[in-house]
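What follows is each chain in one-letter form.
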Amino acid sequence: TDIAFLSDGRVFVSEKNGKIRVIKNGKLQDQPLLDISDHVNTLEDRGLLSLEVDPDFKENGYLYLLYTYHSKGSSLNQPQTGRLTRIKLNPLLDTATPVKNPSEEILLGSISQPYNNGVNTLCVKGSDCLPIDSPSHTIGTVRFAKDKTLYVSVGDGAGFSTVDPRALRSQDIDWLVGKILHIDRNGKGISTNPFYDGNPNSVRSKIYQYGLRNPFSMVITPDLEVFSFDVGWRSWEEINYGKPGANFGWPCYEGDNKQPLYETNPLTKDLCNNTYKKEIHAKPLYFYSHSQ
């Protein structure tokens, strides 16, 4: 679940299966406000994981949803893609007959089809795509900052059981995954972002921080500081805090250490060795061992 508080005291609650519920005056309303479950993939860590209401919700009725999209005709366990969408609601509406296929404006992740034997041939480097090739490391959290811009955390979309070269997308600023993204309300890159290239629609123009594995959650402070919480692999969990453009090192680093399996694997060692030479790893603010 995720929770968004409205200024009038109501609470919107997202459920993993794609339903949005409303709590009013301390009571859960009987019917969902919204139901997009027919195109939400819920396998393991996939699903509708985050929602956010627009700071001007009373005027524009905008609700933002971050979820794993289930492409038509695919099976539950096939590779999928993530999406950030915006839906316009009646700001006074508490419940409604569950709506299938509501009008959604895609802000991130417009490339989701077609799939051919589980492979999306359009989801390539530099495209508006959030690949989710694993049941884990999917999308994370969407949050507004006080300046009315959006921050979005996204996992690397790679596998977790063995070394997966797709995790290297976290180190590439022409992929949206393995990142903290910073966009405006229409999904455009912010001109003050560290890799802004003059094109607000380019991938790198939307990137705020990178080198993350599974930043499932984050907090934006009133001073526009970003704290992200990254799920580790074999050994370490991380709380990350850094400047715009910070690279937290995944998959070449885990915690404050070189990741030994990615460091030595023939498929990944060259890129990781290049990363070590550049010394571009931003250390976690805090990290702890799984044994603790």
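Whatever comes next refers back to the structure up there.
What comes next is a walk through the structure. From a predicted model like this one, the values you see are computed outputs, not experimental measurements. (Residues numbered from 1 in each chain as written. Predicted model: local features only at pLDDT ≥ 70, side-chain atom pairs only at ≥ 80, totals over all residues. Heavy atoms only, no water.)

All chains considered together, the criterion is met by 1 cavity of 30 Å³ or more. Considered as a void within the structure, the largest cavity measures approximately 30 Å³ in volume. Every residue along the wall of the largest cavity is listed here: Arg-213, Asp-230, Val-231, Gly-232, Trp-233, Glu-238, Trp-250, Tyr-253 and Glu-254. By residue class, the composition of the lining of the largest cavity is 4 nonpolar, 1 polar and 4 charged. (1 Å grid on protein atoms, 1.4 Å probe; cavity = no way out; pocket = protein on both sides within 12 Å on 5 of 7 lines; lining within 4 Å. Points joined across faces, edges and corners; volume = space filled by probe spheres on them. Nonpolar A, V, L, I, M, F, W, Y, C, P; charged D, E, K, R; others polar.)

This part covers a nonpolar patch on the surface. Together, Tyr-241, Leu-285, Tyr-286 and Tyr-288 give the surface a local cluster of nonpolar side chains, amounting to about 390 Å² of exposed area. Inspection of the secondary structure assignment puts Tyr-288 in strand β22 (residues 286-289). Classification of Tyr-288 as partly exposed rests on a relative accessible area of 34%. (Patch = residues over 30% accessible without salt bridge, like charges linked within 9 Å, V, L, I, M, F, W, Y side chains within 5 Å. Areas by Shrake-Rupley, 256 points an atom, 1.4 Å probe, with all protein chains shown as cover. Salt bridge = Lys/Arg side-chain N within 4 Å of Asp/Glu carboxyl O. Helix = DSSP H or I, 4+ residues; strand = E, 2+ residues; numbered from the N terminus. Buried < 20%, exposed > 50% of the residue type's maximum accessible area, 1.4 Å probe, protein only.)

Bringing the state of the cysteines into the picture now. Taken as a whole and judged by the stated rule, the model has 2 disulfides. Note on cysteine connectivity: Cys-123 is disulfide-linked to Cys-129, with sulfurs 1.9 Å apart. In this structure, the disulfide formed by Cys-123 and Cys-129 twists by about -95° around the S-S bond and is classed as left-handed. On the basis of relative accessibility, which here comes to 12%, the residue Cys-123 falls in the buried class. For Cys-129, a relative accessible area of 0% gives the class buried. (Disulfide = S-S within 2.5 Å.)

Here the residue pair Trp-250 and Pro-251 is connected by a cis peptide bond, since its omega of 5° sits within 30 degrees of zero. Tracing the backbone shows Pro-251 in the loop between β19 (236-241) and β20 (253-254).

Here the focus is the sheet that holds strand β18 (residues 226-230). Reading across the sheet, the 4 strands line up as β17-β18-β19-β22 and stay open at both edges, with antiparallel pairing between neighbours. Each edge of the open sheet is held by one strand with a lone partner, namely β17 (215-220) and β22. Strand-to-strand, the axes of this sheet are offset by a mean angle of 10°, without reference to chain direction. Judged from the 4 bridges that link them, β18 and β19 form a sheet pairing that is antiparallel. (Pairing = 2+ DSSP bridges. Axes fitted to C-alpha atoms, helices over the stretch in contact; angles between N-to-C directions.)

All right, on to the nonpolar core then. Ranked by internal contacts, the top residues of the largest apolar core, which has 24 residues, are Leu-84, Leu-108, Leu-130, Val-152, Val-154 and Leu-181. Elements that contribute at least two residues to this core include exactly β7 (62-69), β9 (105-108), β13 (139-144), β14 (150-154), β15 (179-183) and β16 (207-210). Counting 19 residues, the second-largest nonpolar core is a separate cluster that includes Phe-12, Leu-33, Leu-48 and Ile-87. (Core = buried A, V, L, I, M, F, W, Y, C linked by side-chain atoms within 4.5 Å.)

Under the defined criterion, the tally for this structure stands at 13 salt bridges. Of the charged contacts in the structure, one is a salt bridge between Lys-125 and Asp-172, with a shortest N-O distance of 3.0 Å. Linking Lys-125 in the loop between β11 (119-120) and β12 (131-132) with Asp-172 in the loop between β14 and β15, this pair joins segments that are 47 residues apart in sequence. For Arg-169, the salt bridge is made with Asp-133, and the minimal N-O distance between the two is 3.0 Å. You can see Arg-169 sitting in the loop between β14 and β15 and its partner Asp-133 sitting in the loop between β12 and β13, a full 36 residues away along the chain.

Okay, the sheet that holds β13 next. In space, the 4 strands of this open sheet follow the order β13-β14-β15-β16, with antiparallel pairing throughout. The strands lining the two open edges of the sheet, one partner per strand, are β13 and β16. Averaged over neighbouring strand pairs, the angle between their axes works out to 15° when direction is ignored. Where β13 meets β14, 4 bridges bridge the pair, whose relative direction is antiparallel. In the sheet register, Arg-143 faces β14, and the bridge partner there is Tyr-151.

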